[in-house]
Amino acid sequence: MKSDDSTEKSLLEKDHAYTWHHISAYNEKSPPMIWESAKGAWVTDHEGNRYLDGMSGLWSVNVGYGREEIAQAAYDQMKKLAYVPMTQSHKPAIELAEKINELLDDEYKIFYSNSGSDANEVAFKLARQYHQQNGDPSRYKFISRYRAYHGSSMGALAATGQALRKYKYEPLAPGFLHVAPPDNYRRPEGMTVEDYNRHCAEEIEQKIIWEQLETIAAVIMEPLITGGGILIPHRIYVEKVQEICKRHGVLLIIDEVICGFGRTGKAFGHQHFGIKPDIVTMAKGLTSAYLPLSVTAIRKEIYDRFDTGDDNSHFRHVNTFGGNPAACAVALKNLEIMDEEDLFDRATELGDRLLKELKCLEDHPFVGDVRGFGFLLGIELVADKEKKEPVLNGYMTKIMAECKGNGLLVGRNGDTVAGFNNVLTLCPPLSCTDEDLDFIIAVIKKVINGNTTFSQ
Ligand code: PLP
């Protein structure tokens, strides 16, 4: 299977010469993998090495790789009608909007864009315009949480609470404020999880009051913080944040870019907490990343403020590629596969087993906490269990490299959260077989149990 040396060398050399990789610096000792093909949960690189993709690409390939029906749906749609500007409409966009309404189990208007960042930018603009047209023009600020990631554009990055991604590009969009999210593992000693989560939600209310409530447009949050280290709130927190928002006329934007489309065992992560967001943003799992597509869903009652018959009340936002017909056809086929294969329930089944099997790692000297929600898992590594001091970069890098050496690609909470880059993350395709899951569990146990004495 190995390609001849000259091809291999020239591909890597060309890669280094011409392509600029996202977020990571080029590292000669550990050059980027050149992916060649993929099927199910497994990817093959250009040398024929196979790896189980424990991160579904970037938390996105929910139905797994190599789905011919999805490729066929894109092909058929491109042949029939390749493009429509979304100032007009087309059948796949309409059917997809109807399907998303069904999954949200309420009446929402669906606005299409291309990425999670775009979807959040749309949410911010919609929220500001809504307040202007609702007689509250001074409401322009957004409250978000530290450790959360909401995207790479100037507004979405301003909402992001990860300093290392931001500080070299500041000043970003003004009007974004942050509070601490609940981090149950690190809650103050002696405080119950319930009291702590109530307290964290109250911090949002304090922020609203200190900032003058007439200036606050919306709160944006993920149902649980994913990329920032798998921080799972207690139900009390999410319910209370919604109640605070309602009481103060603040919109609640829920970012379902990772948590949506089965990842947590339901269509959307927020459905575990019984809340009804005003705006929901989604991307990644919507097409399982086969093509770019994102959605900002806005509650019908809020949309009504944009549909008043007044010439000046519409939403002046357009993008060229959003709602591309092939991308919508791909999304519909992707959601059909999820239905047919019952992948939401499968996510719960896989995630429950993964958490149960790996919980015992908490006996390991460097494993502080193993936590999971749906088919998402975080393993928080600490150098000192008493002080909960995070392990340093070297330990994380070694663990990740050894997982890769054993054929498993795992993630971590970026190199982005100042001081807390110590959570190993897993977000495998929902289509994993039982054997795939056994493989993930075996590699993680082997690697972590083999690293009990690493000196930092
Ligand atoms: N929101 C969340 C929660 C994300 O994890 C991401 C990307 O990882 C985004 C928004 C931004 O999505 P995109 O990379 O498609 O712009």
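Residues numbered from 1 in each chain as written. Predicted model: local features only at pLDDT ≥ 70, side-chain atom pairs only at ≥ 80, totals over all residues.

The N-to-C vectors of helix α8 (residues 193-210) and helix α9 (residues 235-247) enclose an angle of 25°; their axes lie 8 Å apart at closest approach. In terms of their interaxial angle, α8 and α9 are classed as roughly parallel. As α8 packs across α9, the resulting crossing turns out to be right-handed. In this structure, α8 uses Glu 194, Asn 197, Arg 198, Cys 200, Ala 201, Ile 204 and Glu 205 to contact α9, whose residues at the interface are Ile 236, Tyr 237, Lys 240, Val 241 and Ile 244. The residue inventory of the contact of α8 with α9, partitioned by class, reads seven nonpolar, one polar and four charged. (Axes fitted to C-alpha atoms, helices over the stretch in contact; angles between N-to-C directions. Helix = DSSP H or I, 4+ residues; strand = E, 2+ residues; numbered from the N terminus. Parallel < 35°, antiparallel > 145°, perpendicular 65-115°, else oblique. Left-handed = near helix turned anticlockwise from the far one by under 90°. Contact = placed C-beta atoms within 7 Å. Nonpolar A, V, L, I, M, F, W, Y, C, P; charged D, E, K, R; others polar.)

Once that is clear, we can look at the nonpolar core. Membership of the largest hydrophobic core comes to 121 residues, with the highest contact counts inside it found for Ala 127, Ala 218, Val 219, Leu 251 and Ile 253. The element that contributes the greatest number of residues to this core is helix α11 (residues 325-340), accounting for nine residues. Not counting residues up to four positions away in its chain, the partners in contact with Ala 127 are Ala 217, Ala 218, Leu 251, Ile 253 and Ile 279. (Core = buried A, V, L, I, M, F, W, Y, C linked by C-beta atoms within 7 Å. Buried ≥ 20, exposed ≤ 12 C-beta atoms within 10 Å, placed from the backbone.)

Turning our attention to helix α4 (residues 91-104). Along an α-helix, a turn takes 3.6 residues, which lines up residues three or four apart on a common side. Taking 1.5 Å of rise per residue, the 14 residues of α4 would be expected to cover 20 Å, and the 20 Å separating its terminal C-alpha atoms lies within 8% of that figure. Along α4, the positions that sit buried rather than exposed are Pro 92, Ala 93, Leu 96, Ala 97, Ile 100, Leu 103 and Leu 104. Summarising the axial view, the buried residues of α4 lie within an arc of 135°, below the 170-degree limit, and thus occupy one face. Residues of α4 that are exposed and point over 90 degrees away from its buried face: Ile 94, Glu 98 and Glu 102. Packed against the buried residues of α4 are α3 (68-80), β4 (108-113), β9 (279-282), β10 (294-299) and α11. (Expected span 1.5 Å × (residues − 1). Arc of directions from axis to C-beta.)

Right, let's talk about the site of the ligand for a bit. Taken together, 16 residues are adjacent to the ligand, and Ser 115, Gly 116, Ser 117, Gly 151 and Val 257 come closest. The element contributing the most residues to the shell around the ligand is helix α5 (residues 116-133), with three residues. Per-class residue counts for the shell around the ligand are five nonpolar, nine polar and two charged. (Near = placed C-beta within 6 Å.)

In this model, the protein chain carries a mean pLDDT of 95, and residues with pLDDT of at least 70 account for 96%. Strand β8 (residues 251-255) holds the highest mean pLDDT among the elements of the protein chain, 99, whereas helix α1 (residues 5-18) holds the lowest, 78. What the predictor reports for the complex is a pTM of 0.97 with an ipTM of 1.00. (pLDDT = per-residue confidence, 0-100.)

Turning our attention to the sheet that holds strand β3 (residues 50-53). Strand order in this open sheet of four strands is β1-β2-β3-β14, and the pairing throughout is mixed. One side of each edge strand has no neighbouring strand; the edge strands of this open sheet are β1 (35-39) and β14 (408-409). Pairing analysis gives four bridges linking β1 to strand β2 (residues 42-45), with the strands arranged antiparallel. Looking across to β2, one finds that Ser 37 is bridged to Thr 44. (Pairing = 2+ DSSP bridges.)

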